[in-house]
Structures are given as structure tokens and as C-alpha cells.
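Fold and geometry: a report
So the chains spell out like this:
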Amino acid sequence: MGLMLLLAVYFLLPVYFLVVAATKPQGDLAATNGLAFSHFNLFDNLHTLFTRSDGIFGRWALNTVLYAVLGAAVGTLISALCGYALAKFEFRGREFLFSVILGGVLVPTTALALPLFLLFSATGLVNTYLAVFLPSIVSPFGVYLARIFANASVPQELIESARLDGAGEFRTFFSVAFRLMTPALVTIFLFQFVAIWNNFFLPMVMLQKESLFPITLGLYEWNGQTARSPLLQESIITGSLVSILPVIVVFILLQRFWRTGLAAGSLK
């Protein structure tokens, strides 16, 4: 317990610093202890953040929500369909295809940035929402996890029963398998959501329009301007605090779906 307490302090200390720094006025950032509260200026900092540069931060936040929520949802559905098919259907080359997908898990995302840029440039999609959205819906790890969980949690007898009752393959998947795979799908969604929310390198390569930036790239651009405009520091810190709040909320809301044993007793 002592070790766990130390690790908790280690991981939460940067978050605590962010909360403390976001409540300070610009002049107190360097003049006061970084871990001690001073003058409470959070609401003024938030007002400055959302009104700076004609409210561009709000646009970045909306873009990030669009990329992360829609991308994670579509990516989870694709992973679930692929994983279920690999687990429950026999076809030639299945194991080879699964091996290729596992190989995709090992490829660093940064190594794919340049080939993706060249591909999207050839199709005229660079500097559009699709340039960030389309690569985000592909998750080899999600397919791998979905296949493993489908094998473990979806009994073949239930699938055969659904087929005998006249259900088609898609009806069987969405009515039977999808519900039984919910814990794994929530996990895949969270992995996808966090990965897209924190994605930086791909938007930096694909986007030039400031109005299309996610929060990560927008704050990076502001950080590069602090030498000319030091007052941006407080907005960057406050924006960083705002950017982690949706991730915390999503984890809290979805943790109740992490249940196992949903199929226990279903065959009796």
C-alpha cells in the first residue's frame, strides 16, 4: 500500500501542479511556489482562454471532440466487426491475415505519418478533417483485442441458436455478440479515444489551417509564440487543464461497463 501511495503521488503530482497553476494570475506563475495556491484567478483565466484570438480555443476543443468521439466510435465498430469475423468464421488465410494485423500493432504510428501524408496528398485530402479522421478509425490493437474477447465471451452455441431462429449474420452480431463483447468494446473505445485526443504528430503533418487544429496542436502553436507573447503561458496552462477534463469524465462514465461474466449461465 505504501508503494501504491507513492506511485499515486508520483502520477498525480503533475495534475495537481496543473490545477494550481491554472488558478494563478500570470504574474504569480514565476513569483510563487509552483505547488502552492496564491490569488485565485481561474475564472478570469478561462475567460481569457476562450476569448483569445476570436475564441479559437473553443474551435480547437470542438475539433478534438469531433475527431476523438466520432473516430473512436467508428474505430470501435470496425474493430468489433473485424475481430468477431476473425474469431467466429472459418476462411482461407485467416491466421495469415491475423498475423498481418498483429504486425500492424508493432509499427510505430510516427513511422506511418509520411506515407499517410503522401497518400492523402495524392487524393487531395490533406488539410481537411478527413486527413485526421480516416487514419484514426483504424486500430490493429482493437481488432486483436476484439478477436480475443469474442473467442472468450461469445459461445458458438449462442450464435448457432440465433442462426437457427432465422437471424442473419449482422442481426446475430448486433443482437447477441455485440452485447456480450461490451466490456472489450468499452476498453477499445477508451484506448482509441485517448489516443486520438492526445494525437499530435499526425495533425501536425496533415493540417495547416488553424481552424482545423485539435487542442494538442493548437497549444503547441501557442507555446511556440511565448517568446514574443509571454502572456500566452497562462492560457496554455489553463488550456492544458481544460483538455484533460473530458478524458477524466469519459473514464468515469464508462467504467461501469467494465463488467465480466456477462454470458455466465446463458447456455443453461
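Everything quoted here is computed from the prediction, not taken from an experiment.

1. What about the UniProt feature "transmembrane region" (unreviewed entry) in the protein?
As recorded in UniProt, the feature "transmembrane region" (unreviewed entry) lies at residues 65-87, 96-120, 126-146, 176-197 and 236-254. As annotated, residues 65-87 has a helix share of 100% and a strand share of 0%, and its two end C-alpha atoms lie 32 Å apart. Taken end to end, residues 126-146 comprises 71% helix and 0% strand; its first and last C-alpha atoms sit 31 Å apart.

2. With respect to helix H1 (residues 2-22)
The terminal C-alpha atoms of H1, which comprises 21 residues, lie 30 Å apart, in line with the 30 Å expected from a rise of 1.5 Å per residue. Along H1, the largest kink reaches about 40° and is centred on leucine 12; proline proline 14 follows within four residues of it. Those residues of H1 that fall on the buried side of the exposure criterion are Leu18, Val20, Ala21 and Ala22. For H1, the secondary structure elements touched by its buried residues are helix H2 (28-31), helix H3 (42-51) and helix H14 (232-254).

3. Considerations on the side chain of asparagine 127
Within the fold, asparagine 127 resides in the loop between helix H6 (109-122) and helix H7 (129-136). Residues contacting asparagine 127, with those up to four places away along its chain left out, are Met206, Leu207, Gln208, Lys209 and Leu212.

4. Description of the packing of aromatic side chains
Going through the model one piece at a time under the given rule, you end up with 19 aromatic pairs. Where phenylalanine 173 meets phenylalanine 178, the ring centres are 5.9 Å apart and the plane angle is 75°; that geometry is what we call edge-to-face. Judged by relative accessible area, phenylalanine 178 falls into the partly exposed class, the value being 30%. Ring centres of phenylalanine 189 and phenylalanine 193 lie 6.1 Å apart, and the angle between their planes is 20°; this geometry places the pair in the stacked category. Pair noted here: phenylalanine 189 and phenylalanine 193 are both in helix H11 (residues 182-197), with a separation of four residues, about one helical turn. Across the pair, phenylalanine 193 and phenylalanine 189 agree in class, each one buried. Connected via pairs of aromatic rings, a cluster forms that spans Tyr84, Phe89, Phe173, Phe174 and Phe178. When the ring centre of phenylalanine 98 is taken as reference, the NZ or CZ atom of arginine 147 above it lies at 4.2 Å.

5. Quick word on the packing of H1 against H14
At a minimum axis distance of 9 Å, the contact between H1 and H14 shows a crossing angle of 130°. Here H1 lies oblique to H14, going by the angle between them. Crossing hand, H1 versus H14: left-handed. Between H1, through Val15, Leu18, Val19, Ala21 and Ala22, and H14, the contact on the second element is made entirely by Glu234, Ile237, Thr238, Ser240, Leu241 and Ile244. Of the residues belonging to the contact of H1 with H14, the class tally is eight nonpolar, two polar and one charged.

Rules of the game
- Residues numbered from 1 in each chain as written.
- Predicted model: local features only at pLDDT ≥ 70, side-chain atom pairs only at ≥ 80, totals over all residues.
- Heavy atoms only, no water.
- UniProt positions renumbered as here; feature names shortened; annotations may be inferred.
- Helix = DSSP H or I, 4+ residues; strand = E, 2+ residues; numbered from the N terminus.
- Expected span 1.5 Å × (residues − 1).
- Bend = angle between axes of the 7 residues up to and from the residue.
- Buried < 20%, exposed > 50% of the residue type's maximum accessible area, 1.4 Å probe, protein only.
- Contact = heavy atoms within 4.5 Å.
- Phe/Tyr/Trp six-rings, centres within 6.5 Å; stacked < 30°, edge-to-face > 60°.
- Lys NZ or Arg CZ within 6 Å of the ring centre and 35° of its normal.
- Axes fitted to C-alpha atoms, helices over the stretch in contact; angles between N-to-C directions.
- Parallel < 35°, antiparallel > 145°, perpendicular 65-115°, else oblique.
- Left-handed = near helix turned anticlockwise from the far one by under 90°.
- Nonpolar A, V, L, I, M, F, W, Y, C, P; charged D, E, K, R; others polar.

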